[in-house]
Amino acid sequence: SLYELQLLSAYHLAFSQNACNFSVPGAGKTSVVYGAFAYLSNLPAEDIKHVDRLLIISPLSAFGPWELEYEECFGCMPTTKRLKGKLSLDEKKQYLYSPCPAKITLLSYSSVPSLLEELTYFLRTNKVMVVLDEAHKIKNTSGGITAASVLQIAPFCSARVVLTGTPAPNGYEDLYNLYKFIWPTKKIIPFEVYQLKDMSRVEGDERVDTLLHSVEPFFIRVKKSDLGIPPATEHNPIVVPMGATQRRIYDIMKNQKHLQNL
C-alpha cells in the first residue's frame, strides 16, 4: 500500500503522464511509478492516456529491484524481458519488433544508441510508459551520445517519467535534458544551456525564480524530513583491541603505505 505522499506522487504522475520525481532515496519512487502505471493501464484502451507496457531504462543493477518490487506491489510476477549483454544485438532487435512484447522491458542506457530504429518502432506500436531511472545519466548537454539517443526516442513515448534523487548536482544546466525528455514538444525551461550555466555561476541570479516557476508543475520531491525518519542515534564506539596476527598485518600495511608516500 502506498502511503499518503506516495499516493500524491502517483496521482501527480498519472494526471500529468510526463513528470519528474526528484524524491530522496528511500521515498519509494519505484512504487510510485507502479501506482501510476496501474491506474493508466486500467483505463479503457481507447482512452488517450492508456498505457499497456513499461520500458525501464536504467543501470543494470536496477533490473532486479524493478522486477521484485512489482511482485511486492501486486502479488504476482509480471512478464519481463531484460535486454542486456547475454543477448546479441540481433536478438534485442527481434524482440523490439515482436508483436507481443513483455509487460516490462528493461534496457541499459548504453544499449539505447544501437537500438534507435527498433525502439522507435516499439514505442510507435505499443502504448509505452518510458521510465528513466537514475536519469541524471542523460544530463550531458555537450553532445553525449547516450543523452542524445534517449532524447531522440522521447517523442514516441506514450508517457515519460524521470527518476533521480540528484537532479542538478552540477548546476541548473543539469535540468535541461530532463525536461526536454518529458516534454519534447514544449519548451518548459525558458533558457538555453549557456544561460543556465551562467545562472549556476552567479549567486542570486534574478532568473532563477523564473526557472523554478517554470519547472515546478512538472516535478514532485519527497524530502528526508517528509519520511518521518527519527534522528540518528549516535553511540560511543566500542574499542576492540587487535589480536597479535591482526596487529602484525596492520603494521605491515601501515609501513608499506608510509614508504609509498615517501
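Reading the values: rules and limits
- Residues numbered from 1 in each chain as written.
- Predicted model: local features only at pLDDT ≥ 70, side-chain atom pairs only at ≥ 80, totals over all residues.
- Heavy atoms only, no water.
- 1 Å grid on protein atoms, 1.4 Å probe; cavity = no way out; pocket = protein on both sides within 12 Å on 5 of 7 lines; lining within 4 Å.
- Points joined across faces, edges and corners; volume = space filled by probe spheres on them.
- Helix = DSSP H or I, 4+ residues; strand = E, 2+ residues; numbered from the N terminus.
- Nonpolar A, V, L, I, M, F, W, Y, C, P; charged D, E, K, R; others polar.
- Pairing = 2+ DSSP bridges.
- Polar contact = N/O pair within 3.5 Å; in protein donor to acceptor, adjacent residues only side chain to side chain.
- Contact = heavy atoms within 4.5 Å.
- Patch = residues over 30% accessible without salt bridge, like charges linked within 9 Å, V, L, I, M, F, W, Y side chains within 5 Å.
- Areas by Shrake-Rupley, 256 points an atom, 1.4 Å probe, with all protein chains shown as cover.
- Salt bridge = Lys/Arg side-chain N within 4 Å of Asp/Glu carboxyl O.
- Buried < 20%, exposed > 50% of the residue type's maximum accessible area, 1.4 Å probe, protein only.
- Axes fitted to C-alpha atoms, helices over the stretch in contact; angles between N-to-C directions.
- Parallel < 35°, antiparallel > 145°, perpendicular 65-115°, else oblique.
- Left-handed = near helix turned anticlockwise from the far one by under 90°.
- Phe/Tyr/Trp six-rings, centres within 6.5 Å; stacked < 30°, edge-to-face > 60°.
- Right-handed = clockwise from strand over helix to strand, strands pointing away.

### Thoughts on empty space enclosed by the protein
Step number 1: Counted according to the given criterion, the structure contains one cavity of 30 Å³ or more.
Step number 2: The calculated volume of the largest cavity comes to roughly 60 Å³.
Step number 3: If you trace the largest cavity, you find it lined by Ser9, His12, Leu13, Ala19, Cys20, Asn21, Val32, Val33, Val161, Val162, Leu163 and Ile220.
Step number 4: Those elements that place two or more of their residues in the lining of the largest cavity are helix H1 (4-16), strand E1 (18-21), helix H2 (29-41) and strand E6 (159-163).
Step number 5: Of the residues assigned to the lining of the largest cavity, the class counts are nine nonpolar, three polar and no charged.

### Here we look at the sheet that holds strand E4 (residues 104-107)
Step number 1: Pairing in this open sheet of seven strands is parallel, and the strands run E3-E4-E2-E5-E6-E1-E7 from one edge to the other. The open sheet has two edge strands with one neighbour each: strand E3 (80-83) and strand E7 (219-220).

### Things to note about the side chain of Thr164
Step number 1: Tracing the backbone shows Thr164 in the loop between E6 and helix H7 (175-182).
Step number 2: Polar contacts involving the side chain of Thr164 include one to the side chain of His136, which spans 3.0 Å.
Step number 3: Polar side-chain contacts of Thr164 include one of 3.1 Å to the backbone nitrogen of Thr166.
Step number 4: Beyond its immediate sequence surroundings of up to four residues, Thr164 is in contact with Asn21, Phe22, Ser23, Lys29, Ala135, His136 and Leu178.

### Digging into a nonpolar patch on the surface
Step number 1: Among the surface-exposed residues, Leu8, Tyr11 and Phe15 lie close enough to one another that they form a single nonpolar patch of about 380 Å² accessible area.
Step number 2: Looking at where Phe15 falls in the secondary structure, it is placed in helix H1.
Step number 3: Judged by its relative accessible area of 58%, Phe15 is exposed.

### Points about the layout of surface pockets
Step number 1: The calculated volume of the largest pocket comes to roughly 230 Å³.
Step number 2: Forming the walls of the largest pocket are 14 residues, and the residues nearest its centre are Pro25, Lys29, Asp133, Glu134 and Gly165.
Step number 3: Considered class by class, the residues forming the lining of the largest pocket number four nonpolar, seven polar and three charged.

### Re the pattern of salt bridges
Step number 1: Going through the model one piece at a time under the given rule, you end up with six salt bridges.
Step number 2: One salt bridge connects Asp226 with Lys223, and the closest N-O pair in it is separated by 3.5 Å.
Step number 3: A salt bridge links Asp251 to Arg247, with the nearest nitrogen and oxygen atoms 3.4 Å apart. Of this pair, Asp251 and Arg247 both sit in helix H10 (residues 244-261), four residues apart, which is roughly one turn of the helix.
Step number 4: By relative accessible area, which is 37% here, Asp251 ends up partly exposed.

### Observations concerning the packing of H2 against helix H3 (residues 63-74)
Step number 1: Running from N to C, H2 and H3 cross one another at 60°; their axes reach a closest spacing of 10 Å. One way to sum up the angle between H2 and H3 is to call them oblique. As for how H2 packs across H3, the hand of that crossing is right-handed. Residues Thr30, Ser31, Val33, Tyr34 and Ala38 of H2 form the contact with H3, whose participating residues are Trp66, Glu67, Glu69, Tyr70, Cys73 and Phe74.
Step number 2: A breakdown of the residues in the contact of H2 with H3 according to their chemical character gives seven nonpolar, two polar and two charged.

### Some words on the packing of aromatic side chains
Step number 1: This model, assessed by the stated rule, comprises seven aromatic pairs.
Step number 2: Residues Tyr70 and Phe74 carry aromatic rings whose centres are separated by 4.5 Å and whose planes lie at 45° to one another, so their mutual orientation is tilted. One end of the pair is Tyr70 and the other is Phe74, both in helix H3 and four residues apart, which spans about a single turn.
Step number 3: The structure contains a cluster of three or more aromatic residues connected by ring pairs, namely Tyr34, Trp66, Tyr70 and Phe74.

### Comments concerning the pairing of strand E5 (residues 128-133)
Step number 1: Counting buried residues in E5 gives six out of six residues, a clear majority hidden from the surface.
Step number 2: On E5, burial covers both faces: Val128, Val130 and Leu132 on one face and Met129, Val131 and Asp133 on the other are all buried.
Step number 3: Here strand E2 (residues 53-57) pairs with E5 via five bridges, running parallel. In the strand pairing of E5, Ile56 is matched with Val131.
Step number 4: Two elements, E5 and E6, share five bridges in a ladder whose sense is parallel. Across the sheet, the residue bridging to Val131 is Val161, located in E6.
Step number 5: For the crossover from E5 across helix H6 (residues 145-153) to E6, the handedness is right-handed.

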